[in-house]
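Single-letter residue listing:
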Amino acid sequence: GRSLIVRWVLSPSDREQAVAFAGCQILRAESPEGPFVAVGDTPARTAEFSDNRELRDGARYYYQGVARRGEARAPSVIVGPAIPTAQWASSCRWGV
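In this report, the structure presented in the accompanying data block is examined.

Rules and cut-offs
Residues numbered from 1 in each chain as written. Predicted model: local features only at pLDDT ≥ 70, side-chain atom pairs only at ≥ 80, totals over all residues. Heavy atoms only, no water. Helix = DSSP H or I, 4+ residues; strand = E, 2+ residues; numbered from the N terminus. Buried < 20%, exposed > 50% of the residue type's maximum accessible area, 1.4 Å probe, protein only. Contact = heavy atoms within 4.5 Å. Polar contact = N/O pair within 3.5 Å; in protein donor to acceptor, adjacent residues only side chain to side chain.

**Observations concerning the environment of Y61**
(1) Moving on: Relative to the helices and strands, Y61 resides in strand β5 (residues 61-69).
(2) Moving on: Assessed through its relative accessible area of 1%, Y61 is described here as buried.
(3) Moving on: A C-alpha to C-alpha distance of 5.1 Å links Y61 and A82, two positions 21 residues apart in sequence.
(4) Moving on: Setting aside residues up to four positions removed in sequence, Y61 forms contacts with L4, R28, A29, E30, E54, L55, R56, V79, G80, P81, A82 and P84.
(5) Moving on: Within the structure, the side chain of Y61 is placed 2.9 Å from the backbone nitrogen of R56, a separation counted as a polar contact.

If you want it as structure tokens, here you go:
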């Protein structure tokens, strides 16, 4: 409910020994037009980010990754909406 996992495909140059990027800054907005705010960073060769910062069940969230290397930045396309929903678990046991 209160978290979303964002996954992406690494660029070919980030799958090899030499890393093309130092990491990725993750941005989030409630509209594809923004405004986007930074919600986290990932290290190089990482293809997943768990967003658990102030999410509301049922809200629509849009994400953009910005790959970085030194001062250079390479933004991704904007993806979404991702919509967190309440989760529940049952403590019932089933025998087979």
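**Here's the deal with the environment of F49**
(1) Moving on: You can see F49 is positioned in strand β4 (residues 48-51).
(2) Moving on: Judged by relative accessible area, F49 falls into the buried class, the value being 10%.
(3) Moving on: Along the chain, F49 and V39 lie ten residues apart, while their C-alpha atoms are 9.8 Å from each other.
(4) Moving on: The residues touching F49, leaving out its near neighbours within four places in the chain, are L4, I5, V6, W8, I26, V39, G40, D41 and T42.

In short, shape yes, function no, at least from these values alone.
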